[in-house]
Amino acid sequence: VAAKPYLRRRISPSNLDAFVETLAVVAERAPAFVGDLPEVCRDPFDDFLVAQSVRLKVDVLVSGDPDLLALEDAGLPFRVLSPHDFLALLDDRDAG
């Protein structure tokens, strides 16, 4: 993932190790999804994220991917929010 251009533009190589270490502390690694993937996304490569999100019973899937963001009103058991909207949600909760 660190080789992805969009990530390289946002995180300098000098900060990448610290970013990965932080993720290791705050994130959980989900086991691989086994089974048939639902076909719900415009981009079939994103279907595994929806399947994992349902399986893991997440409240929010945070993504800047327009194909995933288009699912916000698809009746899924979780919300799909952009990073900006997710941070605004967190700010609202902190303020309330």
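Placed above this text is the structure.
Residues numbered from 1 in each chain as written. Predicted model: local features only at pLDDT ≥ 70, side-chain atom pairs only at ≥ 80, totals over all residues. Heavy atoms only, no water.

1. Details of the overall build of the protein chain
Part 1: Tallying secondary structure elements over the protein chain gives 5 helices and 2 strands in all.
Part 2: Beginning at the N terminus, the succession of helices and strands in the protein chain can be written as α-α-α-β-α-β-α.
Part 3: Here the protein chain holds 96 residues, and 20% of them are scored as buried.
Part 4: Put simply, of all contacts in the protein chain between residues at least 6 apart along the chain, 21% involve residues at least 24 apart.
Part 5: Of the accessible surface of the protein chain, which amounts to about 7500 Å², a share of 57% is contributed by carbon and sulfur atoms.
Part 6: Each charge class in the protein chain can be summarised by its mean position, and for the 10 positive and 17 negative side chains these summaries are 4 Å apart. (Helix = DSSP H or I, 4+ residues; strand = E, 2+ residues; numbered from the N terminus. Buried < 20%, exposed > 50% of the residue type's maximum accessible area, 1.4 Å probe, protein only. Contact = heavy atoms within 4.5 Å. Areas by Shrake-Rupley, 256 points an atom, 1.4 Å probe, with all protein chains shown as cover. Lys, Arg positive; Asp, Glu negative; His and termini not counted. Charge placed at Lys NZ, Arg CZ, Asp CG, Glu CD.)

2. Let's talk about the side chain of aspartate 46
Part 1: One can find aspartate 46 in the loop between helix H2 (13-26) and helix H3 (47-55).
Part 2: With residues up to four places along the chain from it excluded, the contact list for aspartate 46 reads Cys41, Asp65, Asp67 and Leu68.

3. Here we look at the environment of aspartate 43
Part 1: As for its position among the elements, aspartate 43 is in the loop between H2 and H3.
Part 2: Expressed as a C-alpha distance, the spacing of aspartate 43 and aspartate 65, which sit 22 residues apart in the sequence, is 9.9 Å.

4. Here's the deal with the side chain of aspartate 67
Part 1: Mapped onto the fold, aspartate 67 is located in helix H4 (residues 66-69).
Part 2: Side-chain polar atoms of aspartate 67 contact the side chain of arginine 42, separated by 2.8 Å. (Polar contact = N/O pair within 3.5 Å; in protein donor to acceptor, adjacent residues only side chain to side chain.)

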